[in-house]
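What follows is the residue order along each chain.
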Amino acid sequence: MSPFTLSTSTAIADAEILSLYKSVGWTAYTNSPDLLFQAVKSSSFVVSAWNEVGKLVGLARTISDDATICYLQDILVHPDLQGTGIGRALFEQVKDRYHHVRQTVLITDDEPQQRAFYQSLGLTEGSDFSTGPVRVFVEFR
């Protein structure tokens with residue numbers, strides 16, 4: 001039996017969401033919990049991973065027009081369970097849900113482990129496209 005189960009229900013307790021985001025140190029979210037809760041609830045698609053005792057241990061959420069683009073806003077796994085397949089399972093659920101969409105976009109921190117993880121999922125960094133690099137522009141507030 002798998003050490004986790006997946007759910008696409010958005011009925012996730014705020015305390016569970018906050019605890020998971022705190023576990024990975026994402027203070028840009030945890031410093032404004034009400035905005036975090038609104039963001040999760042307003043996402044186009046949310047898939048969550050739960051351990052055998054019913055604790056939230058992973059989450060992925062997207063923003064999408066469901067036609068041309070899927071933006072993978074967050075994908076996170078509790079640090080104690082990273083490397084166990086939860087992140088891959090969350091990504092596969094997103095990929096299955098948006099299989100018909102032309103672009104999947106993700107912006108992440110510049111850490112070697114993250115690059116390796118996303119490449120293992122089949123994603124390509126913008127500067128590495130075989131047809132030439134693509135440009136990504138962002139503004140953070």
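Please refer to the structure placed before this passage.
Presented here is an overview of the structure given in this document. Here the structure is a predicted model, which means the values were calculated and not measured.

**Digging into the overall build of the protein chain**
Inference 1: A tally of helices and strands in the protein chain yields five helices and five strands.
Inference 2: Helices and strands in the protein chain line up, N terminus first, as β-α-α-α-β-β-β-α-β-α.
Inference 3: A compact globule built from 141 residues would reach a C-alpha radius of gyration of about 14 Å, and the protein chain, at 15 Å, matches this within 12%.
Inference 4: The buried share among the 141 residues of the protein chain stands at 33%.
Inference 5: Once local pairs closer than 6 in sequence are excluded, the contacts in the protein chain between residues at least 24 apart make up 58%.
Inference 6: Roughly 8800 Å² of accessible area belongs to the protein chain as shown, and the carbon and sulfur atoms make up 52% of that amount.
Inference 7: Taking the 11 positively charged and 16 negatively charged side chains of the protein chain as two groups, their mean positions are separated by 4 Å.

**A closer look at the nonpolar core**
Inference 1: By size, the foremost hydrophobic cluster in this structure holds 19 residues, and its most contacted members are A60, I75, I86, L90 and V94.
Inference 2: At the level of elements, strand 2 (45-51), strand 3 (56-64), strand 4 (69-77) and helix 4 (86-97) are the ones that each hand at least two residues to this core.
Inference 3: Looking at this core element by element, the count peaks at five residues for helix 4.
Inference 4: Those residues in contact with I75 that lie beyond four places of it in its chain are W26, L59, A60, G87, L90, F91 and Y118.
Inference 5: With 14 residues, the next largest nonpolar core counts L18, L36, V46 and L56 among its residues.

**Some remarks on the pattern of salt bridges**
Inference 1: As enumerated under the stated definition, the model contains four salt bridges in all.
Inference 2: Residue K41 is joined to D14 by a salt bridge in which the shortest nitrogen-to-oxygen separation is 2.8 Å. Taken as a pair, K41 in helix 3 (residues 33-42) and D14 in helix 1 (residues 14-23) lie far apart in primary sequence, 27 residues in all.
Inference 3: Judged by relative accessible area, D14 falls into the partly exposed class, the value being 31%.

**Looking at the sheet that holds strand 1 (residues 4-7)**
Inference 1: Across the sheet, which stays open at both edges, the five strands sit in the order 1-2-3-4-5 with mixed pairing between neighbours. On the outer flanks of this sheet lie strand 1 and strand 5 (103-105), each paired with one strand and no other. On average, each strand axis in the sheet is tilted by 20 degrees relative to the strand beside it, whichever way the strands run.
Inference 2: In terms of strand pairing, strand 4 meets strand 5 through three bridges, oriented parallel.

**Some points on the packing of aromatic side chains**
When we look at a pair of aromatic rings, we describe it by the centre distance and by the angle of the planes.
Inference 1: Taken as a whole and assessed by the stated rule, the structure comprises five aromatic pairs.
Inference 2: Ring geometry for Y21 against W26: centres 5.7 Å apart, planes inclined by 70 degrees, an arrangement best described as edge-to-face.
Inference 3: On the accessibility criterion, Y21 (0% relative accessible area) is buried.
Inference 4: Here the aromatic residues Y21, W26 and Y29 are joined through ring pairs into a cluster of three or more.
Inference 5: Sitting over the ring of Y98, R97 keeps its end group 4.4 Å from the ring centre.

**A closer look at the pairing of strand 4**
Inference 1: Pairing between strand 3 and strand 4: seven bridges, direction antiparallel. Its bridge partner lying in strand 4, I63 is registered against Y71.
Inference 2: Linking strand 3 back to strand 4 in an antiparallel pair, the connection comprises four residues, with D66 at a positive phi of about 60 degrees.

Cut-offs applied
- Residues numbered from 1 in each chain as written.
- Predicted model: local features only at pLDDT ≥ 70, side-chain atom pairs only at ≥ 80, totals over all residues.
- Heavy atoms only, no water.
- Helix = DSSP H or I, 4+ residues; strand = E, 2+ residues; numbered from the N terminus.
- Rg over C-alpha atoms; globule rule 2.2 N^0.38 Å.
- Buried < 20%, exposed > 50% of the residue type's maximum accessible area, 1.4 Å probe, protein only.
- Contact = heavy atoms within 4.5 Å.
- Areas by Shrake-Rupley, 256 points an atom, 1.4 Å probe, with all protein chains shown as cover.
- Lys, Arg positive; Asp, Glu negative; His and termini not counted.
- Charge placed at Lys NZ, Arg CZ, Asp CG, Glu CD.
- Core = buried A, V, L, I, M, F, W, Y, C linked by side-chain atoms within 4.5 Å.
- Salt bridge = Lys/Arg side-chain N within 4 Å of Asp/Glu carboxyl O.
- Pairing = 2+ DSSP bridges.
- Axes fitted to C-alpha atoms, helices over the stretch in contact; angles between N-to-C directions.
- Phe/Tyr/Trp six-rings, centres within 6.5 Å; stacked < 30°, edge-to-face > 60°.
- Lys NZ or Arg CZ within 6 Å of the ring centre and 35° of its normal.

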